[in-house]
Amino acid sequence: MAVQAIDGSRITVDLSREEQAALRDWTAHIRYIPKYGRRSPTYDGWGLEIAPSSALSAVVESRGYTNPQRFSMGGGDVVIYDCATPEGARWAAWAGPWHMAHGFFYAPRWEAADVIDTLTRLRCVDTPDGLLGDPGDRFTLEWAAYMVPVVGVGILQVVAKAKAQAGLPTWRGMAAQAGEVYRNPPATPGSGETLMLVGSNAVVTLDPWDVPDRAGRTSLRAGSGTMEAGLDFLTRIKRVDWSA
């Protein structure tokens, strides 16, 4: 399984056939900030979600979006819909042959010209291997993450190790094929523990829960969605890599 993020980084996770069959639709999130001349970046920022273009119709149908606008741009199609939820918003996406970049827009900056302005801040090139985005000299990537639900295991989030370095443990973790595994305490009151796999240049965080399959069925296997199932999954990942 390989996904190329919009910043040009490549995430590769090698799994067995069983794990690959259990993977559901992935998504990714990026945040980027503008530069002004040669000065340091500001704290103004924009964010986009990345997903397979095949999910476009399902998103529109499941959310009940209305009043579509559609036009061609940059080798793909831009679509804009009015939203019932969140109220007073529009959802827009640039969809290429294989991937799409999408997000919510709010009044007054939610007209077609505003959507185009945001989507063209990065020069996107869609390929079968992933969506490439070049910010040129105008913007700096602040953060990017790749997320995928695994049936019966939980939600995986993958980030570049360089972006997560400050929050990594300083002690040795449990040895695994792709790196070291750690157990994280709850991030907020009422949340559960998570697991973290630290590789050579990527960090995987696993939030264990019994993710249902595409038909909405949860696993009947004992121990699904537990910390134990998550640990078993992480120790059997062969490789996780994030490289520009």
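Structure first, text after, so check above.
Residues numbered from 1 in each chain as written. Predicted model: local features only at pLDDT ≥ 70, side-chain atom pairs only at ≥ 80, totals over all residues. Heavy atoms only, no water.

A few points about the pairing of strand E8 (residues 99-106)
Next up, step 1: Counted residue by residue, E8 has six buried out of eight residues, so it is predominantly covered.
Next up, step 2: Strand direction decides the pairing type here: strand E4 (residues 46-52) and E8, joined by four bridges, are antiparallel. Its bridge partner being in E8, Ile-50 is matched across the sheet by Ala-101.
Next up, step 3: As judged from the seven bridges shared by strand E7 (residues 89-95) and E8, these two strands associate in the antiparallel manner. (Buried < 20%, exposed > 50% of the residue type's maximum accessible area, 1.4 Å probe, protein only. Helix = DSSP H or I, 4+ residues; strand = E, 2+ residues; numbered from the N terminus. Pairing = 2+ DSSP bridges.)

Overview of the environment of Ala-164
Next up, step 1: Mapped onto the secondary structure, Ala-164 falls in helix H4 (residues 161-164).
Next up, step 2: Considered as a pair, Ala-164 and Asn-201 are 37 residues apart in the sequence and their alpha carbons are 9.9 Å apart.
Next up, step 3: Each residue touching Ala-164, except ones within four places of it in the same chain, is listed here: Val-159 and Val-203. (Contact = heavy atoms within 4.5 Å.)

What about the environment of Phe-233?
Next up, step 1: With respect to the helices and strands, Phe-233 occurs in helix H5 (residues 227-235).
Next up, step 2: The exposure class assigned to Phe-233 is buried, which follows from its relative accessible area of 2%.

Some words on the layout of surface pockets
Next up, step 1: Of the pockets and cavities examined, the largest pocket occupies roughly 530 Å³.
Next up, step 2: Around the largest pocket, the lining is made up of 22 residues, and of these Thr-27, Ala-51, Ala-55, Val-59 and Arg-63 lie nearest the centre.
Next up, step 3: When contributions to the lining of the largest pocket are tallied by element, the ones reaching two or more residues are E4, helix H2 (56-63), E8 and strand E11 (139-150).
Next up, step 4: Top element by residues in the lining of the largest pocket is H2. It accounts for four residues.
Next up, step 5: For the lining of the largest pocket, a count of residues per class yields 13 nonpolar, four polar and five charged. (1 Å grid on protein atoms, 1.4 Å probe; cavity = no way out; pocket = protein on both sides within 12 Å on 5 of 7 lines; lining within 4 Å. Points joined across faces, edges and corners; volume = space filled by probe spheres on them. Nonpolar A, V, L, I, M, F, W, Y, C, P; charged D, E, K, R; others polar.)

Thoughts on the side chain of Arg-121
Next up, step 1: With respect to the secondary-structure elements, Arg-121 resides in the loop between helix H3 (112-119) and strand E9 (123-127).
Next up, step 2: Here Arg-121 falls in the buried class, since its relative accessible area comes to 9%.
Next up, step 3: Of the polar contacts made by the side chain of Arg-121, one reaches the side chain of Asp-117; its length is 2.8 Å.
Next up, step 4: When near neighbours in sequence (up to four residues on either side) are disregarded, Arg-121 contacts Tyr-32, Trp-46, Arg-109, Asp-134, Pro-135, Arg-138 and Phe-139. (Polar contact = N/O pair within 3.5 Å; in protein donor to acceptor, adjacent residues only side chain to side chain.)

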